[in-house]
Amino acid sequence: MREFAYVRVASVSEAIGLAGPVRYLAGGTNLFDLMREEVERPERVIDISRLSLSAIEDLPDGGLRLGALARNAHIAADDRIRRRYPVLARALLNGASPQLRNRATVGGNLLQRTRCRYFYDLGAACNKRSPGTGCDALDGLNRGHAILGASESCVAVHPSDMCVALAALGATVNLTGPEGDRSVPVMDFHHLPGATPEIETVLRGGELVTSVDLPPWPPARGAYVKVRDRVSYAFALVSAAVLLRIEGGRIATARIALGGVALKPWRAYAAEDLLTGAPPDERIFEEAAREAVAEARPLRHNAFKIEMAARLIRRTLVELA
C-alpha cells in the first residue's frame, strides 16, 4: 500500500488552502475504490466527515440548502425534498445500494469520478488519468460511454444520478476557498473533456464544496427515469430528469436533463425551448425528444443510446402530461 498522511480537521478553515496531492474524505464511497486501484495516489487524505456541513435548511426565498456532508439517504427521506423536489428524491433512490446511500454525500456526488473501465485500468491509455497517453475507450468497449459533449481526448460519462436531478432543478453549488466564498450554477460546475479531460470541475486549489442550494420551485410534475442493465446497483446507460408544468393548455415550464450520455449532466436546452409555450401533445413531445439528441455522436458500440434517450424523454413527457 502506498503511504499517505491522514488528517482529521475540525473546521472548514482548517480544510481549505491545503497544497499538494490532497484528497478530501467524506463518505469515501468513491475515494476508497480509487485509492485501492491506485488511480488516486494522494499524499494526504483530509477527513472532513465530522464538519458541521450535514444540515438540510430552508432558505428565505423558499428554496432548500443541502449541506455538502448531508447523506443521500437522509435527503431522499426528508419530507421537504419528497414534497417539493420529488425528482431529486427519486434520483437518489435510483442510485447505488441502501448501504452506500447511507454513506454517500452531496459533495461526493458532485465530485464522483467516471467509472470508465479504462480509467480504472492502469495498463490502459487514459488521458483523464494520465494526460497525453491517449484514450483506449475510443476504439474499445465503449457501450456505456458518451454520445454528447465528448472529444477525441475522452469519451467517459459522469456516473451520478443526483447530479442529473440537480441539473434539471437549476441548483447552485457553494464553494469556500482561500480567496473566500463563491457560488457556481451546477451546470457550470463540471467541465466537458475537450483537450483537458483531467480538469473535471471549476474547483480551484484548496477549495471545498460546502453546500448546494435548490431554488424555490413552482408546482410542477417531475420524474427521474433510469435505464440500466440490472435493476439494483448499476450505473445508468441513459437516465432522464424531467420537469413539466402546464397552465391554460400550454406548457409553462419544461426541464430535461440527461445522465449516462456525457461527462457532465446534460441539459437539453433546445428541446426545452421547443416545449415552452406549446400545447402538450405527442407531436411536440416527439419533436423535443429528437431535438435533445440531435447533436449526438455515437461510438462503435453505443449508437443505441440515441434512440434510447429519445424514447425515454418522449415517454416521460407523455406520462407527466
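Criteria and cut-off values
Residues numbered from 1 in each chain as written. Predicted model: local features only at pLDDT ≥ 70, side-chain atom pairs only at ≥ 80, totals over all residues. Heavy atoms only, no water. Pairing = 2+ DSSP bridges. Helix = DSSP H or I, 4+ residues; strand = E, 2+ residues; numbered from the N terminus. Buried < 20%, exposed > 50% of the residue type's maximum accessible area, 1.4 Å probe, protein only.

A short note on the sheet that holds strand 9 (residues 221-227)
No. 1: Pairing is antiparallel in the open sheet, where four strands are placed in the order 9-10-11-12. Of all the strands in the sheet, the pair left with one neighbour each is strand 9 and strand 12 (266-267).
No. 2: For strand 10 (residues 238-247) and strand 11 (residues 250-259), the ladder comprises nine bridges, and the chain directions are antiparallel. Following the sheet pairing, Glu247 is matched in strand 11 by Arg250.

Concerning unusual backbone geometry
No. 1: Even without being glycine, Glu38 reaches a positive phi, approximately 65 degrees.
No. 2: Position of Glu38 relative to the elements: it lies in the loop between helix 2 (31-36) and strand 3 (44-47).
No. 3: Of the residues examined, Glu38 reaches a relative accessible area of 29% and is grouped as partly exposed.
No. 4: Of note, Ala96 is a non-glycine position whose phi angle comes to about 55 degrees, a positive value.
No. 5: Tracing the sequence through the fold places Ala96 in the loop between helix 5 (86-93) and helix 6 (98-101).
No. 6: Looking at Ala96, the relative accessible area reads 31%, which means it is partly exposed.

Everything listed here is a matter of geometry and, on its own, says nothing about what the molecule does.
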